[in-house]
Amino acid sequence: MQGADPLSGREKAYEFLKDTILADPEMQGRFISEQDVANQIGVSRTPIREALLLLAAEDLVQLVPKRGAYVAPLSSRQISELMELRGIVERYAAERTMTEGTVPLRGMQELVERQRFLVEDARQFIDVDRQFHALLVAATGNELLTKTYEGLRARQVRAGVVALYRAHGRQQAVIDEHNVIVAALESGDVEAATAAITAHLDTTLKVLLNG
């Protein structure tokens, strides 16, 4: 009897495109080479095309006739809407977990410590940044909310890496802002925690919009 089936070609392509190609800020404003992606992950071009159709349905790429899949730069509106939605979800998560005593303090503290060793690696730094916030959302125990937040992943990582390149010293600022959030969560002060989350997201938004 065979074991569990591995990811299908389409699933493998979808995950790679979403987590690697679309998360790369250098891909903004460029077309995706189906053949290059196929070569990188060892599949044919057919599952690449199928995956791109799924990503187009999520508005993560634009399919241009005779040209292929285009990765449009995030617009000011998209960035603002992303931060607005993140704020709504993350503030709720803070309130919910503090009320129920499920704040994942140790995990969040460990992720901040990991970031200290990744200040020279923007991509990994932002992936840990995403994990920091996602851990708080997951701690609500609301699976639908967690899944919805996970759907922001590609945009979140893309925007985060761009912010690091646009503001000198942004990595240390992010670490400091994360520490403020953790301290507020640990204190049990809901108002301080939600304010810290708002300040963190607002600062990132300003960096992204003003460069």
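Thresholds, definitions, all that
- Residues numbered from 1 in each chain as written.
- Predicted model: local features only at pLDDT ≥ 70, side-chain atom pairs only at ≥ 80, totals over all residues.
- Heavy atoms only, no water.
- Salt bridge = Lys/Arg side-chain N within 4 Å of Asp/Glu carboxyl O.
- Helix = DSSP H or I, 4+ residues; strand = E, 2+ residues; numbered from the N terminus.
- Buried < 20%, exposed > 50% of the residue type's maximum accessible area, 1.4 Å probe, protein only.
- Core = buried A, V, L, I, M, F, W, Y, C linked by side-chain atoms within 4.5 Å.
- Contact = heavy atoms within 4.5 Å.

1. As for the pattern of salt bridges
Tallying each qualifying case throughout the model produces 12 salt bridges. Between Glu-34 and Arg-49 there is a salt bridge, with the nearest N and O atoms lying 3.1 Å from each other. With Glu-34 in helix H2 (residues 34-41) and Arg-49 in helix H3 (residues 45-57), this pair connects stretches of sequence that are 15 residues apart. Residue Arg-49 is classed as partly exposed on the basis of its relative accessible area, which comes to 40%. One salt bridge in this structure joins Arg-130 and Asp-127, with 3.5 Å as the shortest N-O distance. Remark: Asp-127 and Arg-130 occur in helix H6 (residues 122-138); sequence separation between them is 3 residues, near one turn of the helix. For Arg-130, a relative accessible area of 8% translates into the label buried. Residues joined in a network through salt bridges with shared partners are Asp-127, Arg-130, Glu-150 and Arg-153.

2. Notes on the nonpolar core
Phe-125, Phe-132, Leu-136, Leu-185 and Leu-208 are the most contacted members of the largest nonpolar core, which totals 45 residues. Those elements that place two or more of their residues in this core are helix H4 (76-100), helix H5 (105-116), H6, helix H7 (143-150), helix H8 (153-166), helix H9 (170-187) and helix H10 (190-210). Broken down by element, this core gets its largest block of residues, 8 residues, from H6. Once residues within four sequence positions are removed from consideration, Phe-132 is found in contact with Met-108, Leu-111, Val-112, His-178, Ile-181 and Val-182. The next biggest cluster of nonpolar side chains, apart from the first, holds 21 residues, and it includes Leu-17, Ile-21, Leu-52 and Ala-69.

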